[in-house]
Amino acid sequence: MTEPSVTHATIVLERIYEASPARVFQALADPQARARWGTPSKNVDLVYDKADFRVGGLDISRCGPRGSLIYRVETRYIDIEPEQRIVSTELVCEGWNRLSVSLVTVELQPVGTSTRLVLTDQIAAFGGKDMIAGSQAGFSAALDNLAVELRHQPVDA
Amino acid sequence: MIERSVVHSTFIIERLYPAAPSKVFFALSNADAKRRWFTDPDNPMPGRFQMDFRIGGKEVNAGGPKDGPIHVYTATYQDIVPDQRIVYSYAMLFGETRISVSLATIELFADGKGTRLVLTEQGAFLDGHDTSSSREHGTGVLLDLLGAFLNEKT
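Conventions and cut-offs
Residues numbered from 1 in each chain as written. Chains lettered and ligands numbered in written order. Predicted model: local features only at pLDDT ≥ 70, side-chain atom pairs only at ≥ 80, totals over all residues. Helix = DSSP H or I, 4+ residues; strand = E, 2+ residues; numbered from the N terminus. Rg over C-alpha atoms; globule rule 2.2 N^0.38 Å. Buried ≥ 20, exposed ≤ 12 C-beta atoms within 10 Å, placed from the backbone. Contact = placed C-beta atoms within 7 Å. pLDDT = per-residue confidence, 0-100. Arc of directions from axis to C-beta. Axes fitted to C-alpha atoms, helices over the stretch in contact; angles between N-to-C directions. Left-handed = near helix turned anticlockwise from the far one by under 90°. Nonpolar A, V, L, I, M, F, W, Y, C, P; charged D, E, K, R; others polar. Core = buried A, V, L, I, M, F, W, Y, C linked by C-beta atoms within 7 Å. Pairing = 2+ DSSP bridges. Parallel < 35°, antiparallel > 145°, perpendicular 65-115°, else oblique.

## Some thoughts on the overall build of chain B
From N to C terminus, chain B includes three helices and seven strands. Counting from the amino terminus, helix and strand elements in chain B follow one another as β-α-α-β-β-β-β-β-β-α. Taken over C-alpha atoms, the radius of gyration comes to 16 Å for chain B, in line with the 15 Å a tight globule of 154 residues would show. In terms of overall dimensions, chain B has a C-alpha envelope of 55 × 30 × 25 Å along the principal axes. In chain B, which comprises 154 residues, the share counted as buried stands at 25%. The long-range share in chain B, meaning contacts at least 24 apart out of those at least 6 apart in sequence, stands at 47%.

Right, here's the structure in full:
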């Protein structure tokens, strides 16, 4: 039996969006919006089986290559300050295997009429550094997609 | 709107205990055992304590000074490998205010007849209410209380 090992890392990603903090927060809070921008590429699908965006709430989602949504993610919302901050934990599993747990902080700050978003992913990865690189790449691509989402989706009246 | 801030930090604490990993794991995972050592040395009056040790299960530990705000520790177990590893997230509430959210990893390694415990805490300290170094100190004290408990039993 291999010795289980845990690798820890802190990943920090930053973006500036040409949208208000309220608008960016709305795109973060709404599971339908997240299903659009939350995947790293168009060949990856993201489906929410359960969505409950509130302090103490739990989202359950599956993602992966189209037709093979092998990753299951449990997101627990621990702190929500509207238009300012979301702190959550994300447990990523593949089948019976738990791959990683992350403490994810998203902070929104107004910069003129734009918003600076800072995402900090404090990750505990089981079984190696690949999960850390994968988490970084996945979040980074999703944040790029968020820019596209914000440009194209009109604000609801 | 209130000015918000978050300080992120990671600290690692190690302890060597004169008990086998299964005994250390028992002290960490059994509610009756944990109730005996997981206390606030400044406020030994037991408040609310509940523990559901399974993946997805929750632990709540509340207490505080007689005429002060209640401190509430609420944890969720994220990963458990018996006798080897426990990963849990927890939030600290001071009255109505959430002061921090953390992800903690406890790893147990056999060391001769004893156990080396390695605790890695990755924390998000909210709005300047508490600091990582203060939390590191308090967590070290808790691990010392665990050591005293294990010493009694060995």
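Here the narrative resumes.
## Observations concerning the confidence of the model for chain B
The predicted model of chain B averages 93 in pLDDT, with 95% of residues at 70 or higher. Two numbers describe this predicted complex: its pTM, 0.94, and its ipTM, 0.93.

## Description of helix α1 (residues 21–29) of chain A
Residue and element names in this part refer to chain A. When we look at burial in α1, the residues that qualify are P21, V24 and F25. The arc that holds every buried residue of α1, seen down its axis, measures 100°, which confines them to one face. Elements that come into contact with the buried residues of α1 comprise β1 (6–17), β6 (97–111), β7 (114–126) and α3 (130–152).

## Overview of the packing of α1(A) against α3(A)
Residues and elements named next belong to chain A. Where α1 meets α3, the closest approach of the two axes is 11 Å, and the angle between their N-to-C directions is 115°. You can see that α1 and α3 cross each other, and the crossing is right-handed. Contacts from R23, V24 and A27 of α1 reach α3 at L146, E149 and L150. Looking at the contact of α1 with α3, its residues break down into four nonpolar, no polar and two charged.

## A short note on the nonpolar core
The biggest cluster of nonpolar side chains holds 50 residues, and the ones touching the most others in it are A:V24, A:A124, B:V24 and B:A124. Ignoring anything within four residues of it in the chain, the contact list for A:V24 reads A:Y17, A:A19, A:L108, A:T115, A:L117 and A:L150.

## Regarding the sheet that holds β1(A)
Residue and element names in this part refer to chain A. If you walk across this open sheet you meet the seven strands as β1-β7-β6-β5-β4-β3-β2, and the pairing is antiparallel. Single-partner strands in this sheet number two, and they are β1 and β2 (44–50). Across the sheet, the mean angle from the axis of one strand to that of its neighbour is 20°, orientation sign disregarded. Packing against the sheet, α1 makes contact with β1, β5 (85–94), β6 and β7, and its axis sits at approximately 165° to β6. Running at roughly 15° to β1, α3 makes contact with β1, β6 and β7 of the sheet.

## Quick notes on the sheet that holds strand β6 (residues 97–111) of chain B
Whether parallel or antiparallel, the strands of a sheet pair through hydrogen bonds between backbone atoms. Residues and elements named next belong to chain B. The strand order across the open sheet built from seven strands is β1-β7-β6-β5-β4-β3-β2, with neighbouring strands paired in antiparallel fashion. Edge positions in the open sheet fall to β1 (6–17) and β2 (49–51), since each of these has one partner strand only. Strand after strand, the sheet turns through a mean of 20° between neighbouring axes, direction not considered. Bridge count for β2 against strand β3 (residues 58–63) is three bridges, and the pairing is antiparallel.

## Details of the interface of chain B and chain A
Listed as interface residues are 23 residues of chain B and, on the opposing side, 21 residues of chain A. Counting residues per element, the ones that place at least two in the side of chain B that touches chain A are β1, β4 (71–81), β5 (85–94), β6 and β7 (114–126) of chain B. Top contributing element to the side of chain B that touches chain A by residue count: β6(B), with five residues. Residues belonging to the side of chain B that touches chain A are distributed by class as follows: nine nonpolar, nine polar and five charged.

## Comments concerning the environment of A:D79
Residue and element names in this part refer to chain A. Among the secondary structure elements, D79 is positioned in strand β4 (residues 71–81). The exposure class of D79 is partly exposed, given the 17 C-beta atoms found within 10 Å. Sequence-wise, D79 and G56 are 23 residues apart; in three dimensions their C-alpha atoms are separated by 8.2 Å.

## Quick word on the packing of helix α1 (residues 21–29) of chain B against helix α3 (residues 132–153) of chain B
Residues and elements named next belong to chain B. Direction vectors running N to C along α1 and α3 enclose 120°, while the axes themselves pass 11 Å from each other. The pairing of α1 with α3 is recorded here as oblique in orientation. Crossing angle aside, the handedness with which α1 passes α3 is right-handed. Across from K23, V24 and A27 in α1, the residues of α3 making contact are L146, F149 and L150. Classifying every residue of the contact of α1 with α3 gives five nonpolar, no polar and one charged.

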